[in-house]
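Here is how the chains run, residue by residue.
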Amino acid sequence: MPVVNFRKTDFLPAQEQGSALQKKLIITVDGPAASGKGTLAKKLADRLGYAYLDTGALYRAVAMATLEIGGDPGYMQDVAPALDIICRNLTPELLSNPSLRTPEVSQAASKVAAHPQVRQALLQYQRDFAHKPPGLVGGAVLDGRDIGTVVCPDADIKFFITASVEERAKRRYAELCDARTDMTFETVLDDLKTRDQRDATRAVAPTLAAEDAYILDTTGLNPAETLEEAISIIRARFLSETNDNGGAQPANGKPTATAV
Ligand code: DC
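Predicted, not measured: the structure shown is a model, and the values here were computed from it.

**Student:** How would you sum up the overall build of the chain? Please name residues and give values.
**Tutor:** In terms of regular secondary structure, the chain is built from 11 helices and 7 strands. Considering the chain as a whole, with its 260 residues, one finds that 49% of them fall into the buried category. Considering only contacts in the chain between residues 6 or more positions apart, those separated by 24 or more positions represent 79%. With the model as given, the accessible surface of the chain reaches about 12,300 Å², and the carbon-plus-sulfur share is 54%.

What follows is the structure, given as structure tokens:
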């Protein structure tokens with residue numbers, strides 16, 4: 001599994017953005033909760049002019065619909081009607097509903113995501129998005145848990161984002177404080193640990209780094225630094241052929257990375 005050998009890079013020049021658009025890359029960003037994968041994926045999509053899909057929002061939508069009809073997210077028979085409704089109404093508005101972000105929905109999403117039927121029902125939507133992204137965009141960036149391993153095993157470039165659980169809990173706690181939560185830091189930390197454990201140990205498509213994923217540890221990195229590291233890898237791997245700005249290039253045209 002490659003691991004990133006950090007180095008500083010300049011902003012991606014405009015001509016490189018153009019080449020990335022032409023290449024229509026599929027970029028996957030997996031990792032545990034609050035690792036920074038969503039922030040990185042969104043920023044990558046913005047930078048490259050790609051479409052972005054937060055696949056966690058799909059599971060969150062099914063979870064919220066299950067709770068709304070009074071169902072137990074742990075029981076597939078309760079989840080089935082909600083899944084049916086969501087699969088017929090998957091819209092960008094639905095997926096960006098802020099109510100999907102509550103701690104209750106987070107835990108419920110982790111539970112519905114363990115049902116193989118739920119994963120199967122949402123698979124094609126994600127693959128279609130990756131291969132035919134909506135709008136006049138180049139490629140697609142998808143973030144989640146199993147995007148590099150199951151949804152898009154043939155993606156052009158895969159990232160797996162990690163950070164210590166304490167750092168992730170701090171980030172999530174700060175977000176929740178902004179939203180005026182009465183949860184304590186300890187509760188947030190416990191919630192994350194529970195969700196990590198469930199997501200990583202479920203039988204189907206657990207949280208896992210693909211063998212060919214670049215592992216980025218964001219502990220101590222801010223979002224801008226994380227973005228630059230990811231851009232650096234993409235640039236080294238895909239954009240160098242058309243790069244005529246004289247910027248630093250790896251000698252062999254391969255990513256600046258070392259095998260673990
Ligand atoms: O990324 P997130 O925290 O919004 O995801 C919410 C839940 O959805 C997460 O606990 C596990 C599940 N999930 C998944 O199983 N597979 C994905 N590709 C994305 C999310």
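Don't stop here, the text continues.
**Student:** Give a description of the site of the ligand that names residues and reports values.
**Tutor:** The environment of the ligand is formed by 17 residues, the closest being Arg 60, Arg 119, Arg 145, Asp 199 and Arg 202. At 2.7 Å, a side-chain N or O of Arg 60 approaches an oxygen atom of the ligand. At a separation of 2.7 Å, an oxygen atom of the ligand approaches a polar side-chain atom of Asp 199. About the coverage of the ligand: the protein hides 98% of its 450 Å² of free accessible area. Across the shell around the ligand, the residue classes break down as 4 nonpolar, 4 polar and 9 charged.

**Student:** Please provide a residue-by-residue account of helix H10 (residues 185-201), values included.
**Tutor:** Given a rise of 1.5 Å per residue, 17 residues ought to cover 24 Å, and the 24 Å separating the end C-alpha atoms of H10 matches this to within 8%. Of all the positions in H10, only Val 188, Leu 189, Leu 192, Arg 195, Asp 196 and Asp 199 are classed as buried. Projection of H10 onto a plane perpendicular to its axis shows the buried side chains occupying an angular sector of 135°, all on one side. Exposed residues on H10 whose side chains face more than 90 degrees from its buried face are Glu 186, Gln 197 and Thr 201. Among the structural elements, helix H3 (56-68), helix H6 (103-112) and helix H9 (165-178) are those in contact with the buried residues of H10.

**Student:** Residue-level account of the pairing of strand E5 (residues 157-162), with values.
**Tutor:** In terms of residue burial, E5 counts as a mostly covered element, since 5 of its 6 residues are buried. Pairing analysis gives 4 bridges linking strand E2 (residues 26-30) to E5, with the strands arranged parallel. Looking at E5, one finds that Val 29 is bridged to Phe 159. The pairing of E5 with strand E6 (residues 214-217) spans 4 bridges and is classified as parallel. Residue pairing in the sheet places Thr 162 in a bridge with Asp 217 of E6.

**Student:** Please provide a residue-by-residue account of helix H7 (residues 116-131), values included.
**Tutor:** For H7, with 16 residues, the first-to-last C-alpha span of 23 Å sits near the 22 Å given by 1.5 Å per residue. The principal kink in H7, of about 30°, is found at Leu 123. Every buried residue belonging to H7 is among Val 118, Arg 119, Leu 122, Leu 123, Gln 126, Phe 129 and Ala 130, and all of these are buried.

**Student:** Before we move on, can you summarise unusual backbone geometry with the specific residues and values?
**Tutor:** Here Ala 34, not a glycine, exhibits a phi torsion of approximately 60°, which is positive. Its location among the elements puts Ala 34 in the loop between E2 and helix H2 (37-48). Judged by its relative accessible area of 11%, Ala 34 falls in the buried class. Even without glycine at this site, Ala 205 takes up a positive phi of about 45°.

**Student:** Tell me about the packing of H3 against helix H4 (residues 76-88), residues and numbers included.
**Tutor:** Packing of H3 against H4 brings their axes to within 8 Å, and their N-to-C directions diverge by 125°. Looking at the two axes, H3 sits oblique to H4. Along this stretch, H3 crosses H4, giving a crossing that reads as right-handed. On the side of H3, the interface is formed by Ala 61, Val 62, Ala 65 and Thr 66, while H4 contributes Asp 78, Val 79, Ala 82, Leu 83 and Ile 86. For the contact of H3 with H4, a count of residues per class yields 7 nonpolar, 1 polar and 1 charged.

Reading the values: the criteria
- Residues numbered from 1 in each chain as written.
- Predicted model: local features only at pLDDT ≥ 70, side-chain atom pairs only at ≥ 80, totals over all residues.
- Heavy atoms only, no water.
- Helix = DSSP H or I, 4+ residues; strand = E, 2+ residues; numbered from the N terminus.
- Buried < 20%, exposed > 50% of the residue type's maximum accessible area, 1.4 Å probe, protein only.
- Contact = heavy atoms within 4.5 Å.
- Areas by Shrake-Rupley, 256 points an atom, 1.4 Å probe, with all protein chains shown as cover.
- Near = heavy atom within 4 Å.
- Polar contact = N/O pair within 3.5 Å; in protein donor to acceptor, adjacent residues only side chain to side chain.
- Nonpolar A, V, L, I, M, F, W, Y, C, P; charged D, E, K, R; others polar.
- Expected span 1.5 Å × (residues − 1).
- Arc of directions from axis to C-beta.
- Pairing = 2+ DSSP bridges.
- Bend = angle between axes of the 7 residues up to and from the residue.
- Axes fitted to C-alpha atoms, helices over the stretch in contact; angles between N-to-C directions.
- Parallel < 35°, antiparallel > 145°, perpendicular 65-115°, else oblique.
- Left-handed = near helix turned anticlockwise from the far one by under 90°.

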